[in-house]
Amino acid sequence: MIATKKKTLSVQYLTRIAVLTALSSILYMISIPIVAFYSLDLSNLPVLLGAFSMGPVAGLIILGLKSLIGCLTSSTMYVGELADFIMGAAFMLPAALIYQRNKSRKGALIGMITGTVALILAGCLTNAYLLIPFYMKAFGMPMEAIIGMCAQALPFVDTELKVILFVTAPFNLLKGVVVSALTLVLYKRVERLFFRSAQPKAQAHSTL
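As a starting point, this report considers the structure included with it. Since the structure is predicted, the reported quantities are computational estimates derived from the model, not experimental observations.

## Notes on the environment of L119
Piece 1. Here L119 is to be found in helix α5 (residues 105–138).
Piece 2. Judged by its relative accessible area of 3%, L119 falls in the buried class.
Piece 3. Linking L119 and I86, residues 33 residues apart in sequence, is a C-alpha distance of 8.9 Å.
Piece 4. In this structure, L119 is in contact with M87, A90, F91, N172, K175 and G176, ignoring residues within four places of it in sequence.

## Digging into the packing of helix α3 (residues 56–71) against helix α4 (residues 79–101)
Piece 1. At their nearest, the axes of α3 and α4 sit 9 Å apart, and the two run at 165° to each other. Judged by the inter-axis angle, α3 sits roughly antiparallel to α4. α3 and α4 meet at a crossing whose hand is right-handed. For the pair formed by α3 and α4, the contact residues are P56, G59, L60, L63, G64, K66, S67, G70 and C71 on the first element and E81, D84, F85, G88, A89, M92, L93, A96, L97 and Q100 on the second.
Piece 2. Across the contact of α3 with α4, the residue classes tally to ten nonpolar, six polar and three charged.

## A short note on the nonpolar core
Piece 1. If you look at the biggest cluster of nonpolar residues, it comprises 33 residues, and the most contacted ones within it are L48, F52, M112 and L208.
Piece 2. Elements represented by at least two residues in this core include exactly α1 (2–28), α2 (44–54), α3, α4, α5 and α7 (160–195).
Piece 3. Ranked by residues supplied to this core, first place goes to α4 with ten residues.
Piece 4. The residues contacting M112, other than those within four sequence positions of it, are L48, F52, F91, A95, S180, T183 and L184.
Piece 5. Core analysis: the next-biggest nonpolar cluster, separate from the first, contains 17 residues, L40, I120, M143 and I147 among them.

## Here we look at a nonpolar patch on the surface
Piece 1. On the surface, V57, I61, L65 and L68 cluster together into a nonpolar patch covering about 340 Å² of accessible area.
Piece 2. By secondary structure assignment, the location of L65 is in helix α3.
Piece 3. Classification of L65 as partly exposed rests on a relative accessible area of 35%.

## Let's talk about the side chain of D84
Piece 1. As for its placement among the helices and strands, D84 is situated in helix α4.
Piece 2. Residues within four places of D84 in sequence aside, it is in contact with Y28, L63, K66, S67 and K175.

## Observations regarding the packing of aromatic side chains
Each pair of aromatic rings is reported with the distance of its centres and the angle of its planes.
Piece 1. If you walk through the whole model with that rule in mind, you get ten aromatic pairs.
Piece 2. An angle of 80° between the planes, with centres 6.1 Å apart, marks the rings of Y99 and Y187 as edge-to-face. Taken together, the residues Y99 in helix α4 and Y187 in helix α7 connect sequence positions 88 residues apart.
Piece 3. The class for Y99 is buried, based on a relative accessible area of 1%.
Piece 4. By relative accessible area, which is 2% here, Y187 ends up buried.
Piece 5. Each ring, one from F134 and one from Y135, has its centre 5.7 Å from the other, and the planes form 65°; the classification is edge-to-face.
Piece 6. Using a relative accessible area of 11% as the deciding quantity, one classes F134 as buried.
Piece 7. The rings of F37, Y38, F134, Y135, F139 and F171 are connected pair by pair, giving a single aromatic cluster.

So, how was this worked out
- Residues numbered from 1 in each chain as written.
- Predicted model: local features only at pLDDT ≥ 70, side-chain atom pairs only at ≥ 80, totals over all residues.
- Heavy atoms only, no water.
- Helix = DSSP H or I, 4+ residues; strand = E, 2+ residues; numbered from the N terminus.
- Buried < 20%, exposed > 50% of the residue type's maximum accessible area, 1.4 Å probe, protein only.
- Contact = heavy atoms within 4.5 Å.
- Axes fitted to C-alpha atoms, helices over the stretch in contact; angles between N-to-C directions.
- Parallel < 35°, antiparallel > 145°, perpendicular 65-115°, else oblique.
- Left-handed = near helix turned anticlockwise from the far one by under 90°.
- Nonpolar A, V, L, I, M, F, W, Y, C, P; charged D, E, K, R; others polar.
- Core = buried A, V, L, I, M, F, W, Y, C linked by side-chain atoms within 4.5 Å.
- Patch = residues over 30% accessible without salt bridge, like charges linked within 9 Å, V, L, I, M, F, W, Y side chains within 5 Å.
- Areas by Shrake-Rupley, 256 points an atom, 1.4 Å probe, with all protein chains shown as cover.
- Salt bridge = Lys/Arg side-chain N within 4 Å of Asp/Glu carboxyl O.
- Phe/Tyr/Trp six-rings, centres within 6.5 Å; stacked < 30°, edge-to-face > 60°.

In short, geometric facts, not functional conclusions.
Set out below in structure tokens:
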């Protein structure tokens, strides 16, 4: 009986992982251009929903699988997918770990605020030391060209530092806020539909 229950939970766990990975991969391919080469996608929404419902390890699995699937159609020689994984993990892990310790709306808010701050820092570092150098080398794009792309929207951006401070940082702030807001709106509905029926009552309760 116990073995059968464990097997059922394992199948349910893997099924949830697969569904959320598929949703995340689809959302990764749908993006809204914001400025220069920065585009907003919601692929971290299923990652965060999975992490809140099943824990940070599940979140990492969904994020990692999404990045691997993204590599199949990568146009950045996997550098974009690596950066996306780093930034996604920086956002999801603090949020999930804090929420795991305090499963309430307050815990979720604190976690997502912390995750958003970590996302901004990770985004600035990965852009400065990974993405921008990659674009410069792979596409023969001088820094002046990247600055020029950003300056079309923000004319005062005229140095690499200003690109990081006034384009990269606000963009990742926007991304964190949008994903966090959607998580607050959707989590209870998704939990009831997708997770709660498979969880023991003692473990299913949350006040998010």
